[in-house]
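# Structural description and commentary
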Amino acid sequence: TAFVSWDRSRALFMGFSPVALAEVVVRTDASTDFGAGGFVWPSLKGFVHKWTADDRAVALASSKAGERESTMYFELRAVLLALVIFGEEWRGCRVQFESDSQPGVQSLQKCFSDRPVCHDVVKSIVSMCVSLHIIPRWEHITACFNAVADALSHDLASQALTLAFDEFGQELTLACCQ
């Protein structure tokens, strides 16, 4: 009955369900010593991004104590970088974003962070998903399942290539390195 009343003026989409799984899976990670990294499945495209001095200054300002850089800010920025780099390829898709940062995932699930700078990143991520008609799912994964993205976030591309081949049986290609 829902299809009968559909006026075809708005996009029809199917959210996640047991019969509508993710079309794209994105795993990202961030390290405080180098930068961010991540990859996309099934295309197995990856990226590496080195933190700039500005990134580090914002991360320091966004930490609760102001004593060290905010890991949550970096983890959220990694998700945003993946969207900026690959988002157009995911237009209209169900995308499962996976991160080993539980606070970051919870902020994305709630679309809110009590840290203003982190909240700005969350808003940017959600806005990009809306503008690209991406149907997101935010999932926390343990670090042992995030080894490829972790290696990329530490600028260990050769290790990431080996890990990706071991896990997926195909080559990881670095689509973008900044």
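The structure we're discussing is the one just above.
Residues numbered from 1 in each chain as written. Predicted model: local features only at pLDDT ≥ 70, side-chain atom pairs only at ≥ 80, totals over all residues. Heavy atoms only, no water.

### Some thoughts on the overall build of the chain
Along the chain, the regular secondary structure elements total six helices and six strands. Put simply, the chain runs from its N terminus to its C terminus through helices and strands in the order β-β-β-α-α-β-α-α-β-α-α-β. Looking at the 178 residues of the chain, the share that counts as buried comes to 44%. A sequence separation of at least 24 residues applies to 67% of the contacts in the chain between residues at least 6 apart. As presented, the chain carries roughly 9400 Å² of accessible surface, and 57% of it is formed by carbon and sulfur atoms. (Helix = DSSP H or I, 4+ residues; strand = E, 2+ residues; numbered from the N terminus. Buried < 20%, exposed > 50% of the residue type's maximum accessible area, 1.4 Å probe, protein only. Contact = heavy atoms within 4.5 Å. Areas by Shrake-Rupley, 256 points an atom, 1.4 Å probe, with all protein chains shown as cover.)

### Here's the deal with unusual backbone geometry
Cis geometry marks the peptide bond from Trp41 to Pro42; its omega dihedral reads 15°. As for its placement among the helices and strands, Pro42 is situated in the loop between β2 (35-41) and β3 (45-50). In this structure, Leu44 is a non-glycine residue whose phi angle is positive, near 50°. Counting through the fold element by element, Leu44 comes out in the loop between β2 and β3. Given the relative accessible area of 0%, Leu44 is considered buried.

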